[in-house]
Amino acid sequence: MKEKIAQIEQLLVTELAGCENLQALDALRVKVLGKKGELTALLRGMGQLSPEERPAAGQMINEAREKFTGLLEEKQALLKKQEQEAALKRETIDVTQPAAMPKAGSVHPMTLVLNEVVDCFTGMGFEVVEGPEVELDHYNFELMNIPKNHPARDAQDTFYVDDNIVLRTHTSPVQARTMLTRKPPIRVICPGRVYRADEMDATHSPVFHQMEGLVIDKDVTMADLRGTLNAFAERLYGKGITTRFRPSFFPFTEPSAEVDLTCVNCHGKGCRVCKGTGWIEVLGCGMVNPHVLEMCGIDPNEYSGFAFGIGIERITMQRYGIPDLRLLFEGDVRFLGQFR
Ligand code: DAH
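Keep in mind that this is a model prediction, so the values were computed, not measured. (Residues numbered from 1 in each chain as written. Predicted model: local features only at pLDDT ≥ 70, side-chain atom pairs only at ≥ 80, totals over all residues. Heavy atoms only, no water.)

1. Remarks on the overall build of the protein chain
Counting its secondary structure elements, the protein chain contains 12 helices and nine strands. Relative to the 2.2 N^0.38 estimate, which gives 20 Å for 340 residues, the radius of gyration of the protein chain is 44 Å and therefore markedly larger than a compact globule would have. Judged by the C-alpha coordinates and their principal axes, the protein chain covers about 135 × 45 × 35 Å. Across the 340 residues in the protein chain, those meeting the buried criterion constitute 39%. Sequence separation of at least 24 residues holds for 67% of the intrachain contacts in the protein chain that already meet a minimum separation of 6. Of the accessible surface of the protein chain, which amounts to about 19300 Å², a share of 53% is contributed by carbon and sulfur atoms. (Helix = DSSP H or I, 4+ residues; strand = E, 2+ residues; numbered from the N terminus. Rg over C-alpha atoms; globule rule 2.2 N^0.38 Å. Buried < 20%, exposed > 50% of the residue type's maximum accessible area, 1.4 Å probe, protein only. Contact = heavy atoms within 4.5 Å. Areas by Shrake-Rupley, 256 points an atom, 1.4 Å probe, with all protein chains shown as cover.)

Structure (structure tokens):
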């Protein structure tokens, strides 16, 4: 019996030395002390001993069990400590390492330009007002003196919500809303989104942005309009910028003009942005049609005014030499990140 116990102890000590982790240690514990383990087998074999021999043998086995358990626990404590130390080493955080910087966003070029334009006009005493994008036909067309059979009403250009409601095709209806709710003198700008059933290409998009301007007062003339727009062009593009007024027609102004700026993308040589002309049409303008004043409750014998509508995409492209309108709508961070 003594010999057998010594053999088991020998085996335990050898295998303990080779134990590298807690799983291996547990397997060893089962092999020696488990139900089918070697020491338990000795205990079972006690039945074959004589009654006189049994107490001494039992005591030996129990002592051995205690000793082995102690050895196993000692090793277990050691392995646990080692594993903990390894984990600590593995999961160490280097607090001196510089942090990965969060990506900073940037202001959209359209917003940058719009802010500049708004600053320019508020500096001249204009106030910003806004109107709804889903608009009544009455304001979008009727009060803007666009009669029922006018081509601008063609279903091809206008997104109709129903017979009386449209997605506004321009910011001009805000003129009517303003004249109907304020008394002259009026000096407002109205930036916002507008919609037209257009194809998307380098210069067209079904959604785009305009900024309306409206001035109503006594003795307002076309010279005031030109002076205001020249001040705007110089402020935005620098001194000596060339503008070109061309006679035009809009139902809500009389007389009307279209204003072009030299194309900064090609400096007047002609390119895709300016369709080869060297000029970019950036706004329409004119003296408010007396009939519009009348419909909006303002006496045309007492007051006159001018209005203009600026395409924000156009002047943004102009300002930064952006060759394709679609870049403004795609939200590609490689493009947007360039404007800071
Ligand atoms: N509403 C016009 C458009 O969308 C632009 C415009 C032209 C606005 C002349 C005006 C104006 O206020 O006087 O094309």
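2. Points about the site of the ligand
Contacts to the ligand come from 15 residues, most closely from His170, Ser172, Arg196, Gln210 and Glu212. The separation between an oxygen atom of the ligand and a polar main-chain atom of phenylalanine 308 is 3.4 Å. Starting from 360 Å² of accessible surface for the ligand in isolation, the protein chains cover 90%. For the ligand, the cavity whose grid points lie within 2 Å of the majority of its atoms is the largest pocket. Counting only elements with at least two residues in the shell around the ligand, the list comes to strand S5 (207-217), strand S8 (279-288) and strand S9 (304-311). (Near = heavy atom within 4 Å. Polar contact = N/O pair within 3.5 Å; in protein donor to acceptor, adjacent residues only side chain to side chain. 1 Å grid on protein atoms, 1.4 Å probe; cavity = no way out; pocket = protein on both sides within 12 Å on 5 of 7 lines; lining within 4 Å. Sits in = over half its atoms within 2 Å of the grid points.)

3. What to know about the pairing of strand S4 (residues 186-195)
Of all 10 residues in S4, eight are buried, a share of seventy percent or more. With two bridges joining them, strand S1 (residues 127-128) and S4 adopt parallel strand pairing. When the bridges of S4 are listed, glutamate 127 appears paired with valine 188. Pairing of S4 with S5 involves 10 bridges; the strand directions are antiparallel. Across the sheet, arginine 193 pairs through a bridge with histidine 209, a residue of S5. (Pairing = 2+ DSSP bridges.)

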